Amino acid sequence: MLNSKIPAGKLEEKWTDYKGHCKLVNPANKRKLEVIVIGTGLAGASAAATLGELGYKVKAFCFQDSPRRAHSIAAQGGINAAKNYQNDGDSVFRLFYDTVKGGDYRSREANVHRLAEVSANIIDQCVAQGVPFAREYGGLLSNRSFGGVQVQRTFYAAGQTGQQLLIGAYQALERQVALGNVKMYSRHEMLDVVIVDGKARGIIARDLVNGKLERHFGHAVLLCSGGYGNVFYLSTNAMGSNVTAAWKAHKKGAFFGNPCFTQIHPTCIPVSGDHQSKLTLMSESLRNDGRIWVPKKQNDTRKPNEIPAEERDYYLERRYPAFGNLVPRDVASRAAKERCDAGYGVGTSKQAVYLDFASAIERYGRIEANKEGKEDAPIEQIITWGKEVVKEKYGNLFDMYEKITGENPYEVPMRIYPAVHYTMGGLWVDYELMTTVNGLYALGEANFSDHGANRLGASALMQGLADGYFVIPYTIGNFLADEIYNKPISTEHEAFAEAEKNVRERIEKLMNIKGKTSVESFHKKLGKIMWDKCGMARNEQGLKEAIVEIQQLKKEFWNDLRVPGEINEFNPELDKAGRVADFIELGELMCIDALNRSESCGGHFREESQTPEGEAMRNDDAFMYVSAWEYKGESKWDMHKEDLQYEVIKPTQRNYK
């Protein structure tokens with residue numbers, strides 16, 4: 001039933017061959033075709049801008065007041081590309097291999113190789129747009145390392161790479177808006193997909209300012225709505241990030257791929273209390289120069305600067321000498337949890353480890369001293385010089401940490417702990433990025449396709465822009481070439497009327513419960529269940545308990561929810577209620593998927609499946625597939641399998657030692 005549409009031929013020739021043979025739409029016909037884009041982060045903005053540039057009539061929707069508010073701006077550390085500027089052995093194949101290995105051999109080879117191929121083009125595109133990437137003294141673009149690799153391939157703009165890339169895509173988008181090729185709908189939320197004769201033909205959207213429902217036709221619909229990390233309540237995602245667009249598509253026939261594959265990021269500011277509403281990420285780029293450690297003595301209450309070097313356990317360097325502090329995120333996260341669970345955690349909660357820059361500050365200071373010809377400079381001067389270098393590389397991240405914690409990370413180590421960050425699961429898509437619904441596409445984090453069971457750092461921005469700038473412009477033509485004979489469908493069509501009716505009835509149902517419990521309370525309860533039983537570690541008993549608890553929470557939600565205000569007005573609580581209702585249903589499916597996959601791989605760690613050293617232990621014979629779930633009714637799903645074929649890379653037990 002699942003057709004991944006992977007082209008035949010050699011892996012390195014598939015994408016080139018595909019582009020040479022896919023169907024094209026001539027410019028005159030493009031002007032007759034309408035495309036809807038949901039979400040205007042990096043994937044959505046780049047897709048809308050590119051399709052508008054090609055001549056299609058594009059409608060772009062975002063629930064924020066501006067595309068520049070998309071959560072893509074929060075990405076700090078960088079974007080990967082196989083340019084080998086450092087001459088350190090990088091290549092397209094190396095990026096492809098690192099990505100497949102980092103994802104614990106649970107991604108599709110053809111998609112990942114295509115991603116590695118187009119990565120270099122992304123940098124050229126963004127430089128041409130004026131993105132201010134960091135540069136070396138001589139003017140060449142600079143690179144730094146990220147987890148899971150042994151080369152420097154990450155391009156960056158200080159600690160605000162996502163923001164700068166989004167501004168570039170936003171400028172391209174706004175140019176098309178000004179030219180009339182793209183119509184922008186901000187403060188609009190997609191609440192359903194309209195299906196006509198088996199094809200996605202439009203959406204029902206709600207104007208979040210006045211509450212009115214709107215019908216919009218499109219020959220194709222692109223979902224670029226991001227990930228679902230907020231199912232855990234506390235995550236590094238923006239508080240508005242949600243799964244609603246993807247979930248509505250799922251309930252209309254789009255299969256959901258690998259929902260249990262969620263990523264825990266190792267370098268977040270620890271939870272500080274029960275009233276916290278989100279978590280703050282400290283960029284993985286800090287692991288370039290920061291050293292992670294805990295005291296060698298359990299329950300050590302000394303301040304970090306009072307603990308001498310010989311009494312510190314640099315546990316990543318000890319356990320994984322080949323990669324050290326730059327092991328992949330899932331490995332670093334589990335290692336931090338293991339140390340804290342064993343009683344070596346730091347801070348008041350004992351749920352944190354140190355990220356220390358003292359060594360880097362001194363090292364950079366000595367380099368500066370050598371430049372000045374002052375090798376014998378006093379240590380105070382060396383430290384001063386070193387702090388200036390670190391400030392230039394990571395200054396805004398250090399400032400952010402100090403504002404949140406009140407501690408100066410130049411003087412004392414940062415405290416970090418893992419937190420929910422990215423979701424590798426998402427709508428199942430084929431090689432063309434089309435879901436199981438004809439004409440409905442998913443791009444960026446909204447799809448499942450490129451990262452397997454764990455995403456390498458700096459690859460989210462790469463995938464979002466690759467999908468929007470360089471993949472969808474070709475693959476969508478393969479579908480739209482056959483749509484030039486189909487005139488736009490009137491939004492008075494019965495399918496639009498039926499979809500709008502269903503959306504309205506659900507909104508009214510939410511408003512008419514008139515219970516006593518707030519949306520936020522239900523979201524917190526769901527998040528606790530998910531984190532405790534489907535978080536960094538999962539086991540059979542906990543997952544079975546979680547499924548029952550989520551089903552009970554769903555009943556409570558629909559019987560005791562209180563939503564203040566009215567429908568036809570600006571009502572953020574009503575918006576949130578719909579999103580949390582979808583999160584509750586998604587949470588159940590995530591636990592079902594995690595229960596079904598009784599192996600450990602990447603970010604999915606089943607306690608029953610680990611090596612004697614506590615590493616994830618895969619079961620390739622039984623689980624080398626993508627689990628694609630088909631919605632069959634309330635609490636009912638059928639699983640379809642896409643078997644993963646590895647023709648170039650031989651799956652082996654991951655080893656970063």
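Residues numbered from 1 in each chain as written. Predicted model: local features only at pLDDT ≥ 70, side-chain atom pairs only at ≥ 80, totals over all residues. Heavy atoms only, no water.

Visitor: Hey, could you run me through the sheet that holds strand β11 (residues 262-268) in this one?
Guide: Two modes of strand pairing occur in sheets, parallel and antiparallel, and in both the strands are linked by backbone hydrogen bonds. A sheet is described by the order of its strands in space; here five strands give the open sequence β11-β15-β14-β12-β13, paired in antiparallel fashion. Strands at the two margins of the open sheet, each flanked by one partner only, are β11 and β13 (312-313). Both strand β14 (residues 353-356) and strand β15 (residues 414-423) contribute to a ladder of three bridges, which runs antiparallel. Looking at the pairing, Val 353 lines up with Ile 416 of β15. (Pairing = 2+ DSSP bridges. Helix = DSSP H or I, 4+ residues; strand = E, 2+ residues; numbered from the N terminus.)

Visitor: Would you mind showing me how to read the side chain of Thr 161 here?
Guide: On the secondary structure map, Thr 161 appears in helix α6 (residues 161-179). Each residue touching Thr 161, except ones within four places of it in the same chain, is listed here: Ala 75, Gln 76, Gly 77, Gly 78, Ile 79, Phe 155, Tyr 156 and Leu 461. (Contact = heavy atoms within 4.5 Å.)

Visitor: How should I be thinking about the layout of surface pockets in this particular structure?
Guide: Gaps left between atoms are located by rolling a probe of water-molecule size over the structure's atoms. In this model, the second largest pocket occupies a volume close to 1000 Å³. As for the second largest pocket, its lining consists of 41 residues, of which Leu 234, Val 271, Gly 273, Leu 279 and Trp 531 are closest to the centre. Of all elements in the fold, only α11 (379-405), β15 and α14 (519-534) reach the threshold of two or more residues within the lining of the second largest pocket. Of the residues forming the lining of the second largest pocket, the biggest block, six residues, is contributed by α14. Residues belonging to the lining of the second largest pocket are distributed by class as follows: 19 nonpolar, 13 polar and nine charged. (1 Å grid on protein atoms, 1.4 Å probe; cavity = no way out; pocket = protein on both sides within 12 Å on 5 of 7 lines; lining within 4 Å. Points joined across faces, edges and corners; volume = space filled by probe spheres on them. Nonpolar A, V, L, I, M, F, W, Y, C, P; charged D, E, K, R; others polar.)

Visitor: When you look at the packing of helix α13 (residues 494-512) against helix α16 (residues 572-596) in this model, what are you seeing that I'm missing?
Guide: The description of two packed helices rests on the angle between their axes and on the distance between the axes. Where α13 meets α16, the closest approach of the two axes is 10 Å, and the angle between their N-to-C directions is 105°. The orientation of α13 with respect to α16, classified from their angle, is roughly perpendicular. Note on element contacts: α16 touches α13 through Leu 574, Ala 577, Gly 578, Ala 581 and Asp 582, opposite Arg 506, Ile 507, Leu 510 and Met 511. When the residues that make up the contact of α13 with α16 are grouped by side-chain class, the tally is six nonpolar, one polar and two charged. (Axes fitted to C-alpha atoms, helices over the stretch in contact; angles between N-to-C directions. Parallel < 35°, antiparallel > 145°, perpendicular 65-115°, else oblique.)

Visitor: Sorry, what's going on with the pairing of strand β12 (residues 291-295) here?
Guide: Along any regular strand, the residues point their side chains to alternate faces of the sheet. With four of five residues buried, β12 is to be regarded as a mostly interior element. The pairing of β12 with β14 spans three bridges and is classified as antiparallel. Bridge pairing in β14 links Trp 293 to Tyr 354. Here β12 pairs with β13 via two bridges, running antiparallel. Bridging from a neighbouring strand, Pro 295 pairs with Arg 312 of β13. (Buried < 20%, exposed > 50% of the residue type's maximum accessible area, 1.4 Å probe, protein only.)

Visitor: Sorry if this is basic, but what is going on with helix α15 (residues 540-560) here?
Guide: The periodicity of an α-helix, 3.6 residues per turn, causes residues three or four places apart in sequence to face the same way. The end-to-end C-alpha distance of α15, which contains 21 residues, comes to 30 Å, matching closely the 30 Å that a straight helix rising 1.5 Å per residue would cover. Within the sequence span of α15, burial applies to Gly 542, Leu 543, Ala 546, Ile 547, Ile 550, Leu 553, Lys 554, Phe 557 and Trp 558. Along the long axis of α15, the arc covered by the buried residues comes to 140°, so they all point the same way. Exposed side of α15, more than 90 degrees from the buried face: Gln 541, Val 548, Lys 555 and Asn 559 are the residues found there. Among the structural elements, α13, α14 and α16 are those in contact with the buried residues of α15. (Expected span 1.5 Å × (residues − 1). Arc of directions from axis to C-beta.)

Visitor: What's the story with the sheet that holds strand β8 (residues 213-217) in this structure? I'm lost.
Guide: Taken in spatial order, the three strands make up an open sheet running β6-β7-β8, and their pairing is antiparallel. Both outer strands of the open sheet, β6 (188-196) and β8, are each paired with one neighbouring strand and no more. Shown here is a sheet whose adjacent strand axes are inclined to one another by a mean of 25°, direction ignored. Taken together, the five bridges between strand β7 (residues 199-207) and β8 define a ladder with antiparallel strand orientation.

Visitor: It is not clear to me how the domain arrangement of the chain should be interpreted in this structure. Could you clarify?
Guide: How big an interface is tends to be reported as the loss of accessible area on association of its parts. As assigned here, the chain comprises domain 1 (265-420) and domain 2 (497-618). Using C-alpha coordinates to define each centre, domain 1 is positioned 34 Å away from domain 2. For the pairing of domain 1 and domain 2, the buried interface totals around 810 Å² over both sides, and the portion due to carbon and sulfur atoms is 57%. Together, Asp 330, Arg 334 and Lys 337 form the three largest contributors to the area buried by domain 1 at its contact with domain 2, with a combined 50%. For the interface between domain 1 and domain 2, the tally reads one salt bridge. Glu 615 is the salt-bridge partner of Arg 319, the closest N and O atoms lying 3.2 Å from each other. Within the residue set of the side of domain 1 that touches domain 2, elements represented by two or more residues are α9 (329-344) and β15. No other element matches α9, which puts four residues into the side of domain 1 that touches domain 2. Of the residues that constitute the side of domain 1 that touches domain 2, the class distribution is four nonpolar, two polar and five charged. (Domains from an automatic or database assignment. Buried area = accessible area lost by both parts, 1.4 Å probe. Salt bridge = Lys/Arg side-chain N within 4 Å of Asp/Glu carboxyl O.)

Visitor: How should I be thinking about the pattern of salt bridges in this particular structure?
Guide: In this structure the tally under the stated criterion is 56 salt bridges. Taking the shortest distance from any N to any O, the salt bridge between Arg 69 and Asp 65 comes out at 3.1 Å. Given a relative accessible area of 55%, Arg 69 falls into the exposed group. Under the relative-accessibility criterion, Asp 65 is labelled partly exposed at 41%. Note that Glu 317 is salt-bridged to Arg 291, the shortest N-O span being 2.9 Å. Here Glu 317, found in helix α8 (residues 315-319), pairs with Arg 291, found in strand β12; they are 26 residues apart in sequence, far enough to count as distant. Assessed through its relative accessible area of 27%, Glu 317 is described here as partly exposed. In this structure Arg 291 comes out as partly exposed when scored by relative accessible area, which is 26%.

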